[in-house]
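If you want the building blocks of each chain, they are given just below.
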Amino acid sequence: MSAPAVVVDVGWVNGLAAIRSLGRAGIRVLALDHRASALGFRSRYAEPVLTPDPQDEEAFIAFLAALELEQPAPLFATHDEPLNAIARGADRLGGRFLFPFPAWEVLSRIQSKRSQLEAAARAGIPVPRTAYPSSAAEARAAAEELGLPVLVKPSSTEGFKRRFGKQAFRCKTGADVERAYADAEPYEPMVQELIPGDDDELYTLGSYLAADGEPLGIFSGRKLRQTPPGVGTCRVGEAVWVEEVVDQGLKLLRELEFHGLSQVEFKRDPRSGEFKLMEVNPRLWQWHSLAAACGVDLPRIAYRDLTGDRPAPVSMNGRRRRWAITLLPHESPAPQLPPYVDAVFARDDPKPALVQIARLLRR
């Protein structure tokens, strides 16, 4: 009997995509979420399991430790809060899970955006000009030196998006910077230059690295549209191979001593043509199902490696395909010319799309 897979936080499309990738391979998938409304619970490939909220870390880890498993199961986290809770509580889980991420000692450094930028600088990878102020007044002075507008971003991101509904503050004035710094102060805020260019200048390396550092799956793509524009999450993405993005991303992951599943995002600076580091996400990201459509099914690759069936390395097969969340509340539809990967609709698993449409109509 093969080991089950556990996918944690299946409320949205990254969790749904992981469920489908693993389920289509005939793997039993336990889908865990603290919300009964989680979209991934509607997948035909999921066995829904309602959990405590990962914010209650004690209760969440105790629940995982009590989960009935006949053998160690690969565990896939799709957001930072459950990922960090699991990594911090790994010793209490008693070897019941197999992790596609490093130990907390390593992961904690990667989850600091400041540490990411410092590692990139050590590796000779371009980064945006960034200041690390210790007060609102220092933040305003740094912003004026960098040149407004700027971004005020959390170095410690855990809980930031849940609280503010965004990944960073875009500040046009010094007063905006002071307010943003005060709001973000618990999250170790940084002030960073705003790299010019539209959302289609944002490029991604998606990969799975085995514990010995060998890349077993490599995908390259770029965003075409974000929601909201400028500082948001991917609405439309495209597979496109960019050697510099791949090389720089792998170099940075080696500098960070990372193994497992990750996304490394860069923005091409039109002033210099350099690809500058935006962030590293040490987990499955929102549009990873596009990688699977291009021959790099990262959840399945990770599952096989973690369970002792190491696959041969694979890179994106060259298809310039697109991915989109076609329908979103309060947003115009974003259909693409077929064939493209829809984040929710799938012929073999239609219920999540029907549920999403019903929710949109009710709103």
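Since the structure is predicted, the reported quantities are computational estimates derived from the model, not experimental observations.

Rules behind the numbers
- Residues numbered from 1 in each chain as written.
- Predicted model: local features only at pLDDT ≥ 70, side-chain atom pairs only at ≥ 80, totals over all residues.
- Heavy atoms only, no water.
- Pairing = 2+ DSSP bridges.
- Helix = DSSP H or I, 4+ residues; strand = E, 2+ residues; numbered from the N terminus.
- Patch = residues over 30% accessible without salt bridge, like charges linked within 9 Å, V, L, I, M, F, W, Y side chains within 5 Å.
- Areas by Shrake-Rupley, 256 points an atom, 1.4 Å probe, with all protein chains shown as cover.
- Salt bridge = Lys/Arg side-chain N within 4 Å of Asp/Glu carboxyl O.
- Lys, Arg positive; Asp, Glu negative; His and termini not counted.
- Charge placed at Lys NZ, Arg CZ, Asp CG, Glu CD.
- Buried < 20%, exposed > 50% of the residue type's maximum accessible area, 1.4 Å probe, protein only.
- Arc of directions from axis to C-beta.
- Contact = heavy atoms within 4.5 Å.

Asker: Mind showing me how you'd approach the sheet that holds strand β8 (residues 169–171) here?
Answerer: Whether parallel or antiparallel, the strands of a sheet pair through hydrogen bonds between backbone atoms. Spatial strand order, β6-β9-β7-β8: four strands in an open sheet with antiparallel pairing. The open sheet is flanked by β6 (130–131) and β8, the only strands paired with a single partner. Note: strand β7 (residues 150–154) against strand β9 (residues 189–193), five bridges, orientation antiparallel. By the bridge assignment, V150 is partnered in β9 with E193.

Asker: Any chance you could explain a negative patch on the surface here in plain terms?
Answerer: Where like charges cluster on the molecular surface, the negative patch consists of E243, E244, D247 and E274. With respect to the helices and strands, the residue E243 is situated in helix α9 (residues 243–255).

Asker: I tried to follow helix α8 (residues 174–184) on my own but got confused; where do I start?
Answerer: Along an α-helix, residues three or four apart share an orientation, since each turn contains 3.6 residues. Turning to α8, its buried residues number three or more, namely G174, V177, A180, Y181 and A184. Axial view of α8: buried residues confined to an arc of 120°, hence all on one face. Elements in contact with the buried residues of α8: α6 (136–146), β7, α7 (160–164), β8 and β9.

Asker: Honestly, unusual backbone geometry in this entry has me stumped. Any pointers?
Answerer: One can expect most non-glycine residues to show negative phi and most peptide bonds to be in trans. Here the amide bond leading from L148 into P149 is cis, since omega sits at 0°, within 30 degrees of zero. Locating P149 in the fold gives a position in the loop between α6 and β7. Between P338 and P339 the backbone carries a cis peptide bond, its omega angle lying at 0°. Inspection of the secondary structure assignment puts P339 in the loop between β16 (322–324) and β17 (340–342). Of note in the backbone geometry, D9 takes a positive phi value of approximately 75° without being a glycine. Inspection of the secondary structure assignment puts D9 in the loop between β1 (5–8) and α1 (13–24). Classification of D9 by relative accessible area gives buried; the value is 12%. In the Ramachandran plot, E188 falls in the positive-phi region, its phi being about 55° despite a non-glycine side chain. Relative to the elements of secondary structure, E188 occurs in the loop between α8 and β9.

Asker: Looking at this structure, I do not really get a nonpolar patch on the surface. What am I missing?
Answerer: A contiguous nonpolar surface patch, about 280 Å² in accessible area, is contributed by L327, I357 and L361. Looking at the secondary structure, you find L327 in the loop between β16 and β17. Taking relative accessible area as the criterion, L327 reaches 32% and is therefore assigned partly exposed.

Asker: Help me understand the environment of P126, please; the structure alone is not making it clear to me.
Answerer: Topologically, P126 is positioned in the loop between α5 (113–122) and β6. Here the alpha-carbon distance between P126 and F275, two residues 149 residues apart in the chain, equals 6.7 Å. Other than its neighbours up to four places away in sequence, P126 contacts Q248, E274, F275, K276 and L277.

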